[in-house]
Amino acid sequence: MTAIIRSDTWDIDRRLAELDLTRAVLIDVVEACVAGLGGCTENDPPNAPGYESYRHGTRRARELLRGDGWAKDDSGNFCSVVNHKRRFRLVVMNSDDGAGLPDRVPQNRCKKGPNSERAATVNQASLFAPEDMPLPRPEGQPFGLHGYTTWHLCVFISGETVRAELSLLNEFQGGYFTGLFEKIIVLGDGDWKPANVFDDPDQDDGAPEFAVEVKRK
């Protein structure tokens, strides 16, 4: 199935509105990720930059969205903010340099476990006749994670380069996401204003995940 790439401002704003989101909110979350990573020093443990980026981003997403039809959810140690009306979860993920680029699939920086694999499976199973479905509908389908699809806010940070996208990832192999159904570019090349950012190309999010965790349209 050909991936849907949304990179035009009007299309991005329209699609995010369908998801009860705005670009401003997602950029605010990305800024929190950058701040979390930038607060680390060489004296922190090696996984601290990635974990702090993930932690601050997740916290900020919940601060901004809870109380507006969204709720915090940590079931199965899969930390997200969930939209019960739209039946999907939003998860912050540290990504490689594929984030924010129209022709790339963003991959998680650190190897993920069963929860992420189930999320990809659920996303894949939910997509029928996408041109007729502005939002994935999980009713009647075999889902894990309480039957909700999962959107990942994929954030790439390296030095003064920051890119981000909201992606519906639907393929998973060997601990890494390998495919997507749809991507909404939040910050593309040149959209981020340079700032002093801790540069660690090998960062991962360090987040626990237990079992009890392209083509242009």
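A brief report on the enclosed structure follows.

What counts and how
Residues numbered from 1 in each chain as written. Predicted model: local features only at pLDDT ≥ 70, side-chain atom pairs only at ≥ 80, totals over all residues. Heavy atoms only, no water. Helix = DSSP H or I, 4+ residues; strand = E, 2+ residues; numbered from the N terminus. Polar contact = N/O pair within 3.5 Å; in protein donor to acceptor, adjacent residues only side chain to side chain. Contact = heavy atoms within 4.5 Å. Expected span 1.5 Å × (residues − 1). Core = buried A, V, L, I, M, F, W, Y, C linked by side-chain atoms within 4.5 Å. Buried < 20%, exposed > 50% of the residue type's maximum accessible area, 1.4 Å probe, protein only. Axes fitted to C-alpha atoms, helices over the stretch in contact; angles between N-to-C directions. Left-handed = near helix turned anticlockwise from the far one by under 90°. Nonpolar A, V, L, I, M, F, W, Y, C, P; charged D, E, K, R; others polar. Salt bridge = Lys/Arg side-chain N within 4 Å of Asp/Glu carboxyl O. Pairing = 2+ DSSP bridges.

A closer look at the side chain of Arg62
Tracing the backbone shows Arg62 in helix H3 (residues 48-65). Here Asp73 takes part through its backbone oxygen, which lies 3.2 Å from a polar atom of the side chain of Arg62. The residues touching Arg62, leaving out its near neighbours within four places in the chain, are Lys72, Asp73, Asp74, Cys79, Ser80 and Val81.

Topic: H3
For H3, spanning 18 residues, the distance from its first C-alpha to its last is 25 Å, which sits close to the expected 26 Å at 1.5 Å a residue. Each element contacted by the buried residues of H3 is listed here: helix H2 (23-38), strand E2 (70-73), strand E3 (80-83), strand E4 (88-94) and strand E5 (149-158). Gly67, located one to two residues past H3, shows a positive phi value of around 90°.

Focus: the nonpolar core
In this structure, Leu21, Leu26, Val30, Leu90, Leu153 and Leu166 are the most contacted members of the largest nonpolar core, which totals 31 residues. Listed by contribution, the elements that provide at least two residues to this core are helix H1 (9-18), H2, H3, E4, E5, strand E6 (161-173) and strand E7 (176-187). Apart from the residues lying within four places of it in its own chain, the contact partners of Leu153 are Leu26, Val29, Val30, Leu90, Val91, Val92, Met93, Glu165, Leu166 and Val186. Counting 9 residues, the second largest nonpolar core, distinct from the first, contains Ala99, Phe156, Leu169 and Leu180.

Quick notes on the packing of H2 against H3
Direction vectors running N to C along H2 and H3 enclose 150°, while the axes themselves pass 7 Å from each other. The interaxial crossing formed by H2 with H3 has right-handed handedness. Residues Val25, Asp28, Val29, Ala32, Cys33, Gly36 and Leu37 of H2 touch H3, and the partners they reach there are Pro49, Glu52, Ser53, His56, Gly57, Arg60, Ala61, Leu64 and Leu65. Considering only residue class, the contact of H2 with H3 consists of 9 nonpolar, 4 polar and 3 charged.

Here we look at the pattern of salt bridges
Pairing is possible between side chains that carry opposite charge, provided their charged atoms lie close to one another. For the coordinates displayed, the defined rule picks out 19 salt bridges. Notably, a salt bridge pairs Arg6 with Glu182, separated by 2.6 Å at the nearest N-O pair. Of the two residues, Arg6 sits in strand E1 (residues 4-6) while Glu182 sits in strand E7, which places them 176 residues apart along the sequence. By the burial criterion, Arg6 is buried, and Glu182 matches it. Close ionic contact of Arg23 with Asp191 constitutes a salt bridge, the shortest N to O distance being 3.7 Å. Of this pair, Arg23 sits in helix H2 while Asp191 sits in the segment after E7, and the two are 168 residues apart along the sequence.

Looking at the pairing of E3
Side chains Ser80 and Val82 project from E3 onto one buried face, and the interleaved Val81 and Asn83 project onto a second face that is buried too. The pairing of E2 with E3 spans 4 bridges and is classified as antiparallel. Looking across to E3, one finds that Asp73 is bridged to Ser80. Linking two consecutive strands that pair antiparallel, namely E2 and E3, is a turn of 6 residues; a positive phi of about 65° is found at Gly76 within it. With 3 bridges joining them, E3 and E4 adopt antiparallel strand pairing. The residue bridging Val81 from the neighbouring strand is Leu90, located in E4. Between the end of E3 and the start of E4, which pair antiparallel, lie 4 residues, with Arg87 showing a positive phi angle near 60°.

Fair warning: the whole summary comes from geometry, so function is off the table for now.
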